[in-house]
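Chain by chain, the residues:
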Amino acid sequence: MEAFLHQVFSGLATGGIYASMALALVMIYQSTHHINFSQGEMATFCTFIAWALIETGFPYWVAFFATVAIGLVGGMAIQRILLRPVENAPILTNVIVFIGLLVIFNSTAGWIFDHTIKAFPSPFPRGTFFDTQYFSSHEIGSIMVTLLVLVALYVFFRFTPLGLAMRAAAQNPVSSRLVGIRVSWMLALGWGLAAAIGAIAGMMVAPIVYLDPNMMAGILLYGFAGALLGGIDNPWGAVFGGFVVGVLENVLGAYVIGTELKLTVALVLIVGVLTLKPTGLFGKVVVTRV
Amino acid sequence: MGAILQASNLDAFYGPTQVLFGVGFELREGGITTILGANGAGKTTTLRAVCGMVRTAGEVRLKGERIDGKATEDIVRKGIAHVPDGRGTFTALTVEENLRLGGYVRKDRDGVAADIERLYERFPRLKERRRQQAGTLSGGEQQMLAISRALMLRPRLLLLDEPSFGLAPLIVKEIFEIMRTINREDGVSMLLVEQNASLALDLADHAYLLETGKVVIAGSADAIKNDEQVRRSYLGY
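No experiment lies behind these values; they were computed from the predicted model shown.

A. Here's a closer look at the overall build of chain B. Secondary structure summary: chain B contains 10 helices and 10 strands in total. On C-alpha atoms alone, chain B measures out to a radius of gyration of 17 Å, which is about the 18 Å that the 2.2 N^0.38 rule sets for 237 residues. C-alpha atoms of chain B, sized along the principal axes, occupy 45 × 40 × 35 Å. Within the span of chain B, comprising 237 residues, buried residues form 45% of the whole.

B. Here's a closer look at the nonpolar core. In this structure, A:Ala22, A:Ile200 and B:Leu159 are the most contacted members of the largest nonpolar core, which totals 159 residues. By residue number, the principal contributor to this core is helix α8 (residues 183-209) of chain A, which donates 18 residues. With residues up to four places along the chain from it excluded, the contact list for A:Ala22 reads A:Gly223, A:Gly226, A:Ala227, A:Ala238, A:Val239, A:Gly241 and A:Gly242.

C. Main features of helix α6 (residues 139-151) of chain B. Residues and elements named next belong to chain B. Over its 13 residues, α6 runs 18 Å from end to end, which matches the ideal 18 Å to within 8%, given 1.5 Å per residue. Burial of α6 is extensive: 11 of the 13 residues sit out of reach of the surface. Along α6, the residues that are buried comprise Glu141, Gln142, Gln143, Met144, Leu145, Ala146, Ile147, Ser148, Arg149, Ala150 and Leu151. Tucked inside the fold, the buried residues of α6 contact β6 (80-83), α3 (95-102), α4 (109-122), α5 (124-128), β7 (157-161) and α7 (169-186).

D. Highlighting the packing of helix α9 (residues 215-230) of chain A against helix α11 (residues 262-276) of chain A. Residues and elements named next belong to chain A. Direction vectors running N to C along α9 and α11 enclose 30°, while the axes themselves pass 9 Å from each other. Considering the relative orientation of α9 and α11, their crossing is left-handed. On the side of α9, the interface is formed by Gly218, Leu221, Tyr222, Phe224, Ala225, Leu228 and Leu229, while α11 contributes Leu263, Ala266, Leu269, Ile270, Val273 and Leu274. Broken down by class, the residue content of the contact of α9 with α11 amounts to 12 nonpolar, 1 polar and no charged.

E. Molecular detail of the interface of chain A and chain B. Residue-level contacts link 15 residues of chain A with 16 residues of chain B. Looking at the side of chain A that touches chain B, the elements with two or more residues in it are α6 (161-171) and α7 (173-178) of chain A. At 6 residues, α6(A) tops the list of elements feeding residues into the side of chain A that touches chain B. In terms of residue class, the side of chain A that touches chain B is made up of 8 nonpolar, 4 polar and 3 charged.

F. Summary view of the sheet that holds strand β5 (residues 65-66) of chain B. Residues and elements named next belong to chain B. Ordered by their spatial adjacency, 4 strands build an open sheet running β2-β1-β4-β5, and the pairing between neighbours is antiparallel. The strands lining the two open edges of the sheet, one partner per strand, are β2 (17-28) and β5. Note: strand β1 (residues 3-14) against β2, 8 bridges, orientation antiparallel. Residue leucine 5 lies in a different strand from β2, and its bridge partner there is leucine 27. Sheet strands in contact with helix α1 (residues 43-50) are β1, β2 and β4 (55-62), and its direction is about 70° off that of β2.

G. Region of the structure containing the domain arrangement of chain B. Residues and elements named next belong to chain B. Structurally, chain B comprises domain 1 (3-79 + 155-235) and domain 2 (90-154). Centre-to-centre, using C-alpha coordinates, domain 1 lies 24 Å away from domain 2. Each partner contributes to the interface: domain 1 provides 12 residues, whereas domain 2 provides 9 residues. Contributions of two or more residues to the side of domain 1 that touches domain 2 are made by α2 (72-77) and α7. Per-class residue counts for the side of domain 1 that touches domain 2 are 9 nonpolar, 2 polar and 1 charged.

Calculation criteria
- All chains use their own residue numbering, which begins from 1 and follows the written sequence.
- Starting at A for chains and at 1 for ligands, labels are handed out in the order in which the entities are written.
- Predicted model: local features are reported for residues with pLDDT of at least 70 only, side-chain atom pairs are reported and counted for 80 or more only, and whole-chain, interface and lining totals are derived from all residues.
- Comment: elements are numbered from the N terminus, with helices defined as DSSP H or I runs of at least four residues and strands as E runs of at least two.
- Note that the radius of gyration is over C-alpha atoms, with the globule rule given as 2.2 Å times the number of residues to the power 0.38.
- Working definition of burial: number of other C-beta atoms within 10 Å of the residue's own, with buried at 20 or more, exposed at 12 or fewer, and partly exposed in between, all C-beta atoms being placed from the backbone.
- We call a set of buried Ala, Val, Leu, Ile, Met, Phe, Trp, Tyr and Cys residues a nonpolar core when their C-beta atoms link them within 7 Å.
- Two residues qualify as being in contact provided that their C-beta atoms, derived from the backbone, are within 7 Å of each other.
- To estimate how far a helix should reach, multiply one less than its number of residues by 1.5 Å.
- The convention used is that axes are lines fitted to C-alpha atoms, helices contributing only their stretch in contact, and that angles between N-to-C directions extend from 0 to 180 degrees.
- By the definition used in this description, the sense in which the near helix is turned from the far one sets the handedness, with an anticlockwise turn below a right angle giving left-handed and a clockwise turn giving right-handed.
- The nonpolar class holds Ala, Val, Leu, Ile, Met, Phe, Trp, Tyr, Cys and Pro. Asp, Glu, Lys and Arg form the charged class, and all remaining residues, Gly among them, are polar.
- Whether two strands pair depends on DSSP finding at least two bridges between them.
- Bear in mind that the domain bounds are from an automatic or database domain assignment.

So this is what it looks like as structure tokens:
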């Protein structure tokens, strides 16, 4: 029983990270209907920046917030420079840009920081919280960080004029322009937020899986599975899906299929959801009259 | 009073298709001008051209300042509010969020809050439904919301695209009455596009008649009401 609980709890901890990645995907999907395949690589790259800052001697939290800021600005820059020119291009053009970004970030990370596996520090070392046999400090800490991010995003979207403008722009770009919202900047901000969330997820998962250029490849798949499961157009559903995938992956991996087939869980979920219930659990069903 | 909006030699295009051909008009400040015409004459396009929502050639001036070629969001920031066809409400957002978005570009937070309250007094039904999603409102309520949303900008000029569309006659009467009040009390100039010509001519002081993208008749509303051709083709008596 104890071992089982431990599996569930550490599933929740990684689930929080999948939830963050799912949320980052939803953030871009809602306003553009594109899945950003390079989301994971962008997060890894940000984590490398954090690692470099920490190696240079900056305190952890300084490096943490600097990385989040770099992610935010970098994400916006990518949207303005690379994606704005193809805004009205066919979807495949966008997909190619995403794949290009993925390759660029992956190789550049390897080129600058090399491919050796690096240890990444946790801001919550053993003993900082009441860690028990079920939970390590880092697991509790990273769940708390995930929840904080969610609350911050909720407050931003629900209560600030800018958050309201972003929701409006995602929903109805034409009307948004008619009230004076600069829609293309809202898309850029969406990219920035997604990159920043990804950066946080990367820094939270790196102490568990270690840092290397391919760190987020699998995690993005889990995040994608979570987003699809919950509903790709529903941020809360995506977060819920992320947590479910984390727990499922851990429990199934420990008791049913073994650790080697863990990633298969994500892939089966993706294919399963897309064939059986494409809107996910909480997604909006769009009915079109023809 | 002078002109608030002048358009001259205005062409408009959807892709390669030209829809307006050298349209010219002038709106008197504080007045209500209407553009009449059959389906496909270019009425909606004229409003879109003013707002920079379609590709145009020619000149549009707001109080003498050229606004053609500017981005829609910049034209809106100069004080032109547009209630588009289909009303353009944010259906998944609440009534109050729609109103707040209407005042999005304004810097005076207190003024925005006060204006929302003022509009609630004018439209008590919107106040009752303030937390409801805009998409759940009835057609008439949505039109009131759309006009209120536009007024939140404190516009100098209000563009209205078929406010009577799809509404019951009684509601239409109410909405036109509201528009008259807004024009008189707040001094907002209006450019109204309408299918219902007799209704529009009763409200407006000036009118233009469009046919296949060209202005064919222009003049005071009274003169146009008595024009033989207009009477026969658009008023039906």
